[in-house]
Amino acid sequence: GCSLAASVNHLIRLKNALSKVGIKNLARGDNPKDKDRFFAKNLNVPVPEIYGDNYQIESIPIIPETIVKPYSGCAANGVFYVNCNLQICSVNSGKYYTSVYEGVNSEVIAKSKRVSFDRWVVEQAILNDAGRIAHNLKVFSFYGKVGLFLETAFPGGDGEGKIKKSAYDESGNDVELRFNGT
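Residues numbered from 1 in each chain as written. Predicted model: local features only at pLDDT ≥ 70, side-chain atom pairs only at ≥ 80, totals over all residues. Heavy atoms only, no water.

Draft legend 1. Local environment of helix α3 (residues 100–109). Every buried residue belonging to α3 is among Val100, Gly103, Val104, Glu107 and Val108, and all of these are buried. The buried residues of α3 occupy an angular sector of 100° when the element is viewed end-on, so they sit on one face. The secondary structure elements touched by the buried residues of α3 are β2 (66–70), β3 (80–82), β4 (88–90), β5 (96–97) and β6 (120–124). (Buried < 20%, exposed > 50% of the residue type's maximum accessible area, 1.4 Å probe, protein only. Helix = DSSP H or I, 4+ residues; strand = E, 2+ residues; numbered from the N terminus. Arc of directions from axis to C-beta. Contact = heavy atoms within 4.5 Å.)

Next up, the structure:
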């Protein structure tokens, strides 16, 4: 066998190679958000309230304690948290912006990230008991077995102004992974 990190690395390289020969929908990471919500609801997983899911970027309402995100995208590209003071914080970088448009221009357009620019979603932010944005927990499973838990603490939560990622194995032990080249 090989390590989880080696397996994930292999999958990423395989997807890139297959994409170059025209196979582009293998294990997509940019599922439309309504399909993700439908899947979660069918499993009786609570989902945040949606305030709107068809906004143009220039008409996105800035509502306290919300998440603003593109309808389609992945890896927190173009995702912003609007806190109780109406400050707009990138979930991806932890940087604050004066508008969603400014953040999208700086973090998405300037870096050629793929998101749906023509449709935006505003949803309720899920807060922890301290009233801060809750951690995101993703479970990666392979052949029905849990391989990795990835926990993300966001700015405005207890991530201390920057995103903090941690990884754990199926028993909860720390797993050392490199995130964004760090």
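That shown, we press on.
Draft legend 2. Expanded view of the pairing of strand β9 (residues 164–168). Summarising the sheet, strand β8 (residues 145–153) and β9 pair through 5 bridges and their orientation is antiparallel. Looking at β9, one finds that Glu151 is bridged to Ser166. Two strands pair when backbone bridges link them, and β9 and strand β10 (residues 174–175) are joined in this way by 2 bridges, in the antiparallel orientation. Within β10, the residue paired with Tyr168 across the bridge is Asp174. Counting the residues that bridge the hairpin from β9 to β10 gives 5 residues, and of these Gly172 lies at a positive phi of roughly 90°. (Pairing = 2+ DSSP bridges.)

Draft legend 3. Structural context of unusual backbone geometry. Although it is not a glycine, Glu65 sits at a positive phi angle of roughly 60°. Position of Glu65 among the secondary structure elements: in the loop between β1 (50–55) and β2. Notably, Leu86 is not glycine yet its phi reads approximately 65°, a positive angle. Note that Leu86 resides in the loop between β3 and β4. Under the relative-accessibility criterion, Leu86 is labelled partly exposed at 43%.

Draft legend 4. Representation of the environment of Tyr97 within the structure. As for its placement among the helices and strands, Tyr97 is situated in strand β5. In this structure Tyr97 comes out as buried when scored by relative accessible area, which is 11%. Residues Tyr97 and Gln87, 10 residues apart in the sequence, show an inter-C-alpha distance of 7.4 Å. Once residues within four sequence positions are removed from consideration, Tyr97 is found in contact with Phe80, Ile88, Ser90, Glu102, Gly103, Ser106 and Glu107.

Draft legend 5. How the structure looks around a nonpolar patch on the surface. A cluster of nonpolar side chains, Phe39, Leu43 and Val45, forms an exposed patch at the surface whose accessible area comes to about 310 Å². Mapped onto the elements of the fold, Phe39 is located in helix α2 (residues 33–42). Residue Phe39 is classed as exposed on the basis of its relative accessible area, which comes to 57%. (Patch = residues over 30% accessible without salt bridge, like charges linked within 9 Å, V, L, I, M, F, W, Y side chains within 5 Å. Areas by Shrake-Rupley, 256 points an atom, 1.4 Å probe, with all protein chains shown as cover. Salt bridge = Lys/Arg side-chain N within 4 Å of Asp/Glu carboxyl O.)

Draft legend 6. Just the nonpolar core, in detail. Among the nonpolar cores identified, the biggest contains 13 residues, and Ile57, Ile60, Val68, Phe80, Val100, Val104 and Trp120 are the most heavily contacted of them. When contributions to this core are tallied by element, the ones reaching two or more residues are β3, α3 and β6. Tallying contributions element by element places α3 first for this core, with 3 residues. Beyond its immediate chain neighbours, meaning those up to four positions away, Ile60 contacts Tyr55, Val68, Val100, Trp120 and Val122. Membership of the second largest hydrophobic core comes to 7 residues, among which are Ile67, Ala125, Ile133 and Phe154. (Core = buried A, V, L, I, M, F, W, Y, C linked by side-chain atoms within 4.5 Å.)

Draft legend 7. Spatial organisation of the side chain of Asp169. By the secondary structure assignment, Asp169 is in the loop between β9 and β10. Buried charge without a partner: Asp169 forms no salt bridge, and the closest opposite charge is Lys145, 14 Å away. In contact with Asp169, other than residues within four places in its own chain, are Gly147, Phe149 and Val175. (Lys, Arg positive; Asp, Glu negative; His and termini not counted.)

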